[in-house]
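A look at the structure
Read off the chains here:
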Amino acid sequence: MILEKPFTGFYDQAVELRDLAKEKGRFIFEAVTILHNEVFTEMKKNVAKLGNIKMALCNYSQYSSRYDAYKAGGEVPHAFDPAFYGGALYDINVYNVHYCVGLFGEPNDATYYPNLGPNGVDTSGTLVLSYDGFSAVCTGAKDSDSPCYLSFQGDQGFMHVASKPNIASELTTTYVDPNNHATVRDAAGAEVRATITEDFKAGAVYHRMTQEFSDFSRMIDEQDFAAAYQLLDESVAVVGVLEKARVKAGIEFPRN
């Protein structure tokens, strides 16, 4: 079974599906591209080079093609309808949450600051995830545009993606050179440590979903339940984060 992101609208539904899949020995996948992205895999390899994490900043802002119709009133597009789990948090900020949960695990807390439309759905908003020693700030917008990016920084370096999170194809990782203790002053007079920069570029694919469905096919053909259930556990954890943030912000989804 393949379910489009978000995996479910409610955490208890996600847990129920996961438990049933494991009990019955079945495959259930969330269709979310980043879990199968080479850049995401490279990030997991490189995150230790950053030292103690101090900040995570994620922005996925994209003016929705359906926003004008939403503002005009009348029939509400599904993308802005709570009955279809619409809104910026579940539809677009979910990618940012996947990066954070995949790299750092589940946060200690999640607080969402939404901009609400006339029907109570969030057209944009900023999510703050609290971890031990740092916070992750995730912005998602369907009512406005800006350059999208991912930036994860620690006391020894940073990783940066300069593109929309769902189609990340290039990663820059810069970290302190352990074999060079020299420092210089930059134009602002700040002391700058010697660093190493590594650029990674994902291989070309036919479509941004190609790797995703190739992975689904491989896991099913090889009966690789371990890999499938690892992805499933992350999907369930992400739904838990989304629900905690949504409920605290007072955004209600109807139970169908």
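Above: the structure in question.
Okay, so let's go over this structure.

Among the structural elements, Thr-174 can be located in strand 9 (residues 170-176). In terms of polar contacts, Thr-174 uses its side chain to reach the side chain of Thr-197, at 3.0 Å. Setting aside chain neighbours within four positions, we find Thr-174 in contact with Leu-50, Gln-156, Gly-157, Phe-158, Thr-195, Ile-196 and Thr-197.

Further remarks concern the packing of aromatic side chains. Scanning the entire structure with this criterion turns up 18 aromatic pairs. Both rings, one in Tyr-63 and one in Tyr-67, keep their centres 5.4 Å apart while their planes meet at 90°; by these two values the pair is edge-to-face. Judged by relative accessible area, Tyr-67 falls into the buried class, the value being 13%. Aromatic pair Phe-225 and Tyr-229: ring centres 5.6 Å apart, planes at 40°, arrangement tilted. Remark: Tyr-229 and Phe-225 occur in helix 7 (residues 225-248); sequence separation between them is four residues, near one turn of the helix.

Let's shift gears to the pairing of strand 9. Of all seven residues in strand 9, five are buried; the element is thus mostly enclosed. Pairing of strand 8 (residues 157-161) with strand 9, which is carried by four bridges, proceeds in the antiparallel orientation. Along strand 9, the bridge assignment pairs Gly-157 with Tyr-175.

We now examine the sheet that holds strand 6 (residues 134-141). Spatially, the eight strands line up as an open sheet ordered 4-5-6-3-7-8-9-12, and their pairing is mixed. Of all the strands in the sheet, just strand 4 (109-116) and strand 12 (195-201) have a single pairing partner and so form its edges. Adjacent strand axes in the sheet meet at a mean angle of 10° when their direction is disregarded. Where helix 5 (residues 93-104) meets the sheet, it contacts strand 3 (53-61), strand 4, strand 5 (122-131), strand 6, strand 7 (149-154) and strand 8, and its direction lies at approximately 160° from that of strand 6. Relative to strand 4, helix 7 is tilted by about 55°, and along the sheet it contacts strand 4 and strand 5.

This part is about the state of the cysteines. Overall, the coordinates contain zero disulfides when judged by the stated rule. A disulfide-free cysteine, Cys-138 has its sulfur positioned 3.8 Å from the sulfur of Cys-100, the nearest such atom. Under the relative-accessibility criterion, Cys-138 is labelled buried at 0%.

Okay, the layout of surface pockets next. One number sums up the size of the largest pocket: a volume of about 550 Å³. Looking at the largest pocket, it is lined by 29 residues, and the ones nearest its centre are Glu-4, Lys-5, Asp-91, Tyr-95 and Lys-142. Here the lining of the largest pocket is composed, by residue class, of 12 nonpolar, 10 polar and seven charged. Taken as a whole, the second largest pocket spans an internal volume of roughly 330 Å³. Along its surface, the second largest pocket is lined by 15 residues, and Leu-35, His-36, Thr-41, Lys-44 and Leu-231 are the ones closest to its centre. Every element with two or more residues in the lining of the second largest pocket is listed here: helix 2 (38-46), helix 6 (210-221) and helix 7. By residue class, the composition of the lining of the second largest pocket is five nonpolar, five polar and five charged.

How each quantity is defined
- Residues numbered from 1 in each chain as written.
- Predicted model: local features only at pLDDT ≥ 70, side-chain atom pairs only at ≥ 80, totals over all residues.
- Heavy atoms only, no water.
- Helix = DSSP H or I, 4+ residues; strand = E, 2+ residues; numbered from the N terminus.
- Polar contact = N/O pair within 3.5 Å; in protein donor to acceptor, adjacent residues only side chain to side chain.
- Contact = heavy atoms within 4.5 Å.
- Phe/Tyr/Trp six-rings, centres within 6.5 Å; stacked < 30°, edge-to-face > 60°.
- Buried < 20%, exposed > 50% of the residue type's maximum accessible area, 1.4 Å probe, protein only.
- Pairing = 2+ DSSP bridges.
- Axes fitted to C-alpha atoms, helices over the stretch in contact; angles between N-to-C directions.
- Disulfide = S-S within 2.5 Å.
- 1 Å grid on protein atoms, 1.4 Å probe; cavity = no way out; pocket = protein on both sides within 12 Å on 5 of 7 lines; lining within 4 Å.
- Points joined across faces, edges and corners; volume = space filled by probe spheres on them.
- Nonpolar A, V, L, I, M, F, W, Y, C, P; charged D, E, K, R; others polar.

The analysis is restricted to geometry; functional conclusions fall outside its scope.
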